Structure formats: structure tokens, C-alpha cells
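# Residue-level structure breakdown
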Amino acid sequence: MKKLSISKGTRSDLLTCAGVILAFVVVSALKANGGLNRSQAGMLVPVCCYIVMAVSLNLTVGILGDLSLGHAGFMSVGAFTGIITAMSLAEKIPSAPLRLALAMVVGAVFAAVIGFLIGIPVLRLSGDYLAIVTLAFGEIIKELITCLLVGVDERGLHVIFNFNGSRNANDLNLGAAGRVIVKGAQGATGTQTIATFTAGFILIMITLVVVQNLIRSRQGRAIMAVRDNRIAAEAVGISVTRYKMMAFVTSAALAGAAGALFGLNYSNLAATKFDFNTSILVLVFVVLGGLGNIRGSIIATVVLYILPEALRGFANYRMLIYAVVLIVVMLTTNNPVIKSYRDQWQQKLRREKGREANAA
Amino acid sequence: MKFLAYLVSGISLGSIYAIIALGYTMVYGIAKMLNFAHGDVIMVGGYVSFLAASNLGLPPLVSVLIAMCVCTLLGIVIEALAYRPLRSAPKLAVLITAIGVSYLLQNTALLTFGANPKAYTPVVSGTLQLFDGQLSISYISLLTVACCIVIMIALTLFTAKTRMGKAMRACSEDKGAAQLMGINVNRTISLTFAIGSALAAVAGALLCSFSPTLMPTTGSMPGIKAFTAAVFGGIGSIPGAFLGGILLGVIEALAKAYISTQLSNSIVFAVLIIILLVRPAGLLGKHTQEKV
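Residues numbered from 1 in each chain as written. Chains lettered and ligands numbered in written order. Predicted model: local features only at pLDDT ≥ 70, side-chain atom pairs only at ≥ 80, totals over all residues. Heavy atoms only, no water.

## What about the overall build of chain B?
Check the secondary structure of chain B and you find 11 helices and 4 strands. The C-alpha atoms of chain B give a radius of gyration of 19 Å, which matches the 19 Å a tight globule of 292 residues would have. Put simply, chain B has 292 residues, and 52% of those count as buried. One way to put it: in chain B the 17 positive side-chain charges average out to a point 6 Å from where the 7 negative ones average out. (Helix = DSSP H or I, 4+ residues; strand = E, 2+ residues; numbered from the N terminus. Rg over C-alpha atoms; globule rule 2.2 N^0.38 Å. Buried < 20%, exposed > 50% of the residue type's maximum accessible area, 1.4 Å probe, protein only. Lys, Arg positive; Asp, Glu negative; His and termini not counted. Charge placed at Lys NZ, Arg CZ, Asp CG, Glu CD.)

## Overview of a positive patch on the surface
All names here are of chain A. A contiguous patch of positive charge on the surface is contributed by Lys8, Arg11, Arg350 and Lys353. Elements with a minimum of two residues in the positive patch: α1 (8-32) and α14 (336-359). One can find Arg350 in helix α14. Residue class for Arg350 comes out exposed when judged on its relative accessible area of 57%. (Patch = residues over 30% accessible without salt bridge, like charges linked within 9 Å, V, L, I, M, F, W, Y side chains within 5 Å. Areas by Shrake-Rupley, 256 points an atom, 1.4 Å probe, with all protein chains shown as cover. Salt bridge = Lys/Arg side-chain N within 4 Å of Asp/Glu carboxyl O.)

## Focus on the pairing of strand β3 (residues 135-138) of chain B
Residues and elements named next belong to chain B. By the alternation rule, side chains of β3 split into Leu135 and Ile137, which are all buried, and Ser136 and Ser138, of which none is buried. Pairing of strand β2 (residues 127-130) with β3 involves 4 bridges; the strand directions are antiparallel. Across the sheet, the residue bridging to Thr127 is Ser138, located in β3. (Pairing = 2+ DSSP bridges.)

## Remarks on the interface of chain B and chain A
The interface is formed by 46 residues belonging to chain B together with 43 residues belonging to chain A. Around 3900 Å² of area is buried between chain B and chain A when both sides are counted, 77% of it from carbon and sulfur atoms. On the chain B side of the interface with chain A, the three residues burying the most area are Ile96, Tyr103 and Gln262 of chain B, jointly 16% of the side's total. Seen at the junction of chain B and chain A, the total is 2 residue pairs in polar contact (both at pLDDT 80 or more). If you list the elements that add at least two residues to the side of chain B that touches chain A, you get α3 (60-83), α4 (91-113), α9 (220-233) and α11 (264-278) of chain B. Sort the elements by how many residues they give to the side of chain B that touches chain A and α4 of chain B lands first, with 14 residues. (Contact = heavy atoms within 4.5 Å. Buried area = accessible area lost by both parts, 1.4 Å probe. Polar contact = N/O pair within 3.5 Å; in protein donor to acceptor, adjacent residues only side chain to side chain.)

## A short note on the packing of aromatic side chains
Residue and element names in this part refer to chain A. A full pass over the atoms with the stated rule returns 15 aromatic pairs over all chains. Ring centres of Tyr50 and Tyr305 lie 5.3 Å apart, and the angle between their planes is 35 degrees; on these two criteria the pair is classed as tilted. Residue Tyr50 is found in helix α3 (residues 44-63), and its partner Tyr305 is found in helix α12 (residues 294-310); the two are separated by 255 residues along the sequence. Of the two residues, Tyr50 and Tyr305, neither departs from the other in class, the shared state being buried. Each member of the aromatic cluster is reached from another via a ring pair, and the members are Tyr50, Phe80, Phe262, Tyr266, Phe274, Phe285 and Tyr305. (Phe/Tyr/Trp six-rings, centres within 6.5 Å; stacked < 30°, edge-to-face > 60°.)

## Topic: the sheet that holds strand β3 (residues 179-183) of chain A
Residues and elements named next belong to chain A. With antiparallel pairing, 3 strands are arranged side by side in an open sheet as β2-β1-β3. With partners counted over all chains shown, the strands left at the sheet margins are β2 (156-161) and β3, one partner each. Strand-to-strand twist in this sheet, taken as the mean axis angle between neighbours without regard to direction, amounts to 20 degrees. Packed onto the sheet, helix α4 (residues 71-88) meets β1 (148-153), β2 and β3 and runs at close to 175 degrees relative to β3. (Axes fitted to C-alpha atoms, helices over the stretch in contact; angles between N-to-C directions.)

## Details of the environment of Val55 of chain A
Residue and element names in this part refer to chain A. Along the chain, the position of Val55 falls in helix α3. For Val55 and Gln212, which are 157 residues apart along the polypeptide, the C-alpha to C-alpha distance reads 9.8 Å. Excluding anything up to four places from it in sequence, Val55 contacts Thr207, Val211, Ile294, Ser297 and Ile298.

## Regarding the side chain of Ser266 of chain B
Among the structural elements, Ser266 of chain B can be located in helix α11. Judged by relative accessible area, which is 7%, Ser266 of chain B ranks as buried. Excluding its chain neighbours within four sequence positions, the residues that come into contact with Ser266 of chain B are Glu139, Ile140 and Glu143 of chain A.

## Let's talk about the nonpolar core
It is characteristic of soluble globular proteins that their nonpolar side chains tend to be buried jointly. Membership of the largest hydrophobic core comes to 200 residues, with the highest contact counts inside it found for Leu261 and Leu283 of chain A together with Tyr83 of chain B. Apart from residues no more than four positions distant in its own chain, Leu261 of chain A is found in contact with Val45, Cys49, Leu100, Met104, Ala195, Thr196, Ala199, Gly200 and Leu203 of chain A. (Core = buried A, V, L, I, M, F, W, Y, C linked by side-chain atoms within 4.5 Å.)

Pasting the structure below:
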């Protein structure tokens with residue numbers, strides 16, 4: 001019988017998936033037995049959303065190598081299109097899980113379309129210019145959604161933009177059975193919270209399958225070639241724009257799906273939730289987890305999302321501690337002395353492994 | 001006449017952006033990093049001058065001078081403790097550290113002064129009436145514009161004529177080569193942060209006089225907008241930061257008046273995106289050819 005050989009990369013990917021499944025099983029068991037208190041149980045869905053956000057941002061920042069500061073914008077697009085989808089189909093599709101799935105798909109599609117449109121100008125730039133333009137787009141999306149008024153009645157969806165502050169929900173001209181879904185600056189109100197932890201887990205698994213397969217595929221290698229040396233990649237015939245767009249749009253779509261799940265977890269949600277600070281929060285998860293390291297992103301998200309909550313006892317000092325942790329981690333991991341020790345240790349480990357392999 | 005009033009308020013707002021952008025552009029030019037904490041140094045400047053004026057009863061000018069001294073020191077300390085150890089680290093690590101410093105400053109201010117906005121007393125009060133009272137310009141606007149022009153000219157002369165200015169330009173061009181020529185790179189970068197932070201303190205006092213509420217988050221949006229202004233005018237260029245800041249302020253004021261109050265930031269950012277697509281190096285920036 002031929003021995004099943006699994007490459008090192010695949011083994012690592014499978015390990016990540018196994019870890020996520022294990023964590024899901026343990027947490028679900030805890031939840032079922034009442035091992036989680038209210039606030040801990042309430043964090044489950046947001047953690048799943050932020051994990052998907054971090055993994056998808058890692059695709060842009062770590063694998064594609066472009067710093068994006070507007071990732072929350074895609075989350076916002078996904079959240080509001082998802083909420084509108086789920087709320088307007090409340091009568092037509094009674095099954096909540098099906099509606100949730102549909103909302104996530106719609107959120108992902110809309111975010112992908114917006115990602116494509118934004119990608120056309122953004123991906124022509126590079127470095128800090130690209131960063132500032134993604135930041136700009138994130139803010140533009142936020143302000144546009146703040147102006148958005150959406151309602152639904154028996155005749156269908158009503159959408160108007162309130163550009164100069166003179167219009168309100170009455171201008172939607174809803175019928176008798178109509179209801180307002182998105183109320184401008186107040187955001188989405190009265191949303192049915194149909195998001196579940198299981199849905200979050202499934203979304204994480206889908207994200208892992210998509211991103212890990214993309215990275216290990218021919219396309220993924222092309223994307224990384226563009227990151228490492230754009231000119232060299234272009235010279236060997238890689239279409240830079242095409243692969244950059246592929247990574248950017250995939251990342252946006254996943255963020256959109258995460259946004260839809262996030263949006264359907266809260267009964268009230270304003271567009272200002274998805275501001276520049278949220279983009280930064282996710283970027284911090286990615287960088288502390290390690291650029292291009294998917295497993296690192298997941299672990300960093302879980303730890304850093306729970307950290308401020310765990311520090312609740314310190315009340316006012318928690319964000320201060322968070323800031324100090326951020327600076328200290330960055331200073332120590334990039335300290336040349338510590339780095340050289342780590343490299344030496346890794347080399348030693350590798351040498352021992354090689355010796356074992358030779359002995360066998 | 002209304003248009004003129006909007007234009008004047010735009011120019012004075014733009015002058016504040018320009019002062020912040022001048023500091024930003026110098027720091028970026030030499031350290032090549034997005035200093036997200038810059039906006040929070042503005043906030044610190046605002047608080048220090050507020051405390052000096054209201055608690056110690058010092059005259060406005062003295063309080064601004066004290067704020068400048070404190071912020072200069074703060075800038076040097078931040079650079080030495082947080083950014084200098086990361087000089088050779090990847091860019092993103094420095095960016096995250098800057099974000100950490102920004103959080104640290106904001107939360108320290110939150111703990112010390114509380115979240116409630118403080119009512120800032122303007123540095124100068126009163127308005128100038130023109131055309132039989134049809135156009136009124138506050139003295140603070142005039143002061144802001146004057147400050148901005150003086151600072152711009154002083155910085156241009158400083159970088160062009162003095163030895164330290166020359167050292168700065170050399171460091172921003174090539175740090176390694178500058179060091180070989182006997183320039184103390186660390187001291188030059190410290191000096192740049194000191195100047196940038198002192199300007200941030202001035203901007204803080206002016207900003208709070210302009211819209212007299214002071215909160216721990218006061219500095220973040222002006223900080224981002226000033227960076228936008230610096231990119232707009234061509235990052236690293238002093239006249240560019242000035243031009244970018246003024247244009248940004250005018251666009252914002254006119255957009256608020258004639259198009260939409262809600263979307264004024266969006267319009268500013270949209271203009272930035274268009275400019276960057278047409279002129280990727282900004283209005284007055286140098287376009288560098290990519291070498292293979």
C-alpha cells in the first residue's frame with residue numbers, strides 16, 4: 001500500500017482547522033452545560049466575526065503585502081446589506097438559518113463588488129499612499145451609510161439618501177405594513193438577532209478553506225511573488241493587477257460575510273461602529289499574530305479580543321494596559337538581541353531534526 | 001459675501017491643518033513612518049495650554065509656550081522610547097507601535113481629565129467687521145493664518161539655510177550615507193520630532209480656540225486629515241503641506257456649505273483619491289522613477 005504523503009504546508013493547514021474544530025467543540029460543550037456567563041456567551045459571535053476579519057485582512061496585508069486601513073468598510077457594507085436582506089425577507093423565508101446564510105452570501109457579494117470598484121483605483125498605488133486611500137474609502141463608506149434610509153413594505157424595498165439632513169424615515173413613503181430597517185445616523189434598528197455561534201464556526205471554516213487553498217494554489221504563489229518583488233513577477237509574465245485584484249476582492253468578500261454575521265448579532269447597529277478604529281483593531285490582530293500566518297491571526301484575535309474583557313476588573317485602566325501590551329510586544333519581538341537568540345534556537349532545532357532524519 | 005465668509009473660515013481651518021501637516025510631513029520625510037500618535041500630541045498640547053490658562057491663570061501666549069515645551073519633550077521621549085528601537089524593524093511594526101502610543105496618550109488623557117469635553121477659552125477673542133458688518137472675521141482666524149505663514153516661511157528657511165536643516169534633508173534622502181558624512185542621525189531625527197511636536201502644540205491651541213471643545217479624542221480626526229493634506233500636497237515637501245492644508249480646509253468648508261454637511265469628510269477624501277490618481281506623488285511632490 002502506498003504511504004499517504006501529506007506536505008508540510010497541508011499538515012499545518014489541517015492542524016489549524018483541527019484546532020478551530022476542537023475549540024468549537026469545547027466551547028459548545030461549555031455553553032451547553034452553562035459554563036459560560038452571559039457576557040462570555042455574548043462574545044462568541046463577535047469573536048468569530050473578528051477571526052474572519054483578521055484572516056481576510058491577513059490575505060491583503062500579509063499575503064498580498066498591501067497595507068489596508070479600510071477593512072471595516074467592507075465589513076460595514078456586508079453588515080448593512082446583510083441586515084437589509086434578512087429583514088426584508090423575514091416573511092418570505094421563515095427559516096432563520098437559511099435567512100442568515102442568504103444574508104451572508106448577499107453581504108459577501110456586495111462587499112466583493114465594492115471591493116472590486118475600490119480596487120481599480122487603489123491597487124494602482126502602493127505603500128503609504130495605498131494605506132491612506134483605503135482609509136479614505138473606509139470613511140467614505142461610513143458616511144454614505146450614515147446617510148442611508150431603507151424601509152420595506154408590501155411593494156418592496158424603499159431606499160433614499162439623506163444627503164443634507166432634511167429627510168427622515170417618513171420620506172420613505174412606506175405602506176401600512178411597512179417598517180424601517182436602516183434609519184440614517186441611528187443605523188439599523190430593531191434587527192432580529194439571528195446570528196449563531198454555529199454559523200460563526202461554519203464561516204470560519206469556509207474562510208480557512210478558501211484562504212488556505214488560495215495561498216497554496218498557483219494563484220496564491222503568484223500573489224506572493226507580486227508581494228516579494230513586483231517587477232520580477234511582472235517580468236516572468238504574472239499579471240500584477242489581476243492577482244492583486246483577486247486577493248483584494250476575496251478579502252473584501254470574506255469581510256462582507258463576517259459583517260453580515262456581525263450585523264445580525266445586534267438589534268441596534270450604527271455605521272459609526274465600523275470606523276477607522278475598527279480597521280485598526282483588526283490590523284493589530286493581524287500584525288501581532290504574524291503577517292501571512294493564518295493560525296497566528298486566529299490566536300491573536302481570540303487573545304486580544306478577550307484581553308480587554310478579562311481586564312474588566314481594572315475598569316478604566318484596561319485600554320491603557322492594552323496600549324502598553326501593544327507597544328511592549330512590538331518592541332520585544334523586533335528587538336535585535338531577542339531576534340538573534342530566537343534565530344539561533346530555531347537553527348539548533350533544525351539541526352537536531354536533520355540529525356534525527358539522518359539517523360533514521 | 002456669504003461665499004467670502006465660507007472661504008475665510010475654510011482658509012483658517014486649512015491653516016490649522018497646514019500647521020499639523022507641516023509637522024507630519026517633516027516627520028514622515030525623515031522617519032518614513034505614519035506617526036499615528038501625532039494627532040494625540042495635538043490633544044496633549046490643547047490640554048496643557050488649557051490647564052496653564054485656566055488653573056494657573058497664565059496669559060494665553062505663555063500657556064501656549066508651556067504647551068509647546070511639554071509637547072516638544074513628549075515628542076522626543078516618544079521617539080526615543082518607542083520608535084528608535086524599531087529603526088531597522090519592518091514598517092508595519094513601527095505603525096502598530098505608533099497606534100499603541102496613540103492609544104496610550106488618549107487613554108492617559110481620559111484617565112487624567114475624564115471624558116467630558118472641556119470648554120477651552122480662545123487664545124484671542126473678538127471679531128473684525130468688514131464691509132459695514134457684512135463680513136466678520138474672528139481675530140483667531142487672522143492669527144491662525146498669520147501663524148501658519150510665519151511657520152511655513154521659518155521652516156523653509158530652516159531646512160534650506162541652516163546646518164541642522166541640511167542634515168535633516170540629508171537624512172531623509174539616505175540615512176546610511178548621511179551617517180557616513182558625520183551626521184548624527186539619531187539627534188537629527190529627535191530634532192525633527194521635537195519641531196513636529198512643538199508645531200502640534202501650536203495647532204492644538206489654535207484648533208481648540210477655533211472649536212472650543214477639548215476631549216481625549218480631539219486630535220485624532222484632525223491628525224488624519226492633516227496627513228491627508230500632507231499627501232495631497234506631496235509628502236515631504238514643506239510648501240506642499242502648506243498648500244495641501246489650505247486646499248483641504250477650503251474644500252471642506254465649501255462642501256459643508258454648498259453640498260452636504262454629512263458628507264463633507266467624504267468629499268475631502270474623494271478629492272484626495274482623485275488627486276492621487278492623477279498625480280501619484282501629490283501636487284508638489286517629486287515623482288521618483290522606479291529603478292530595476
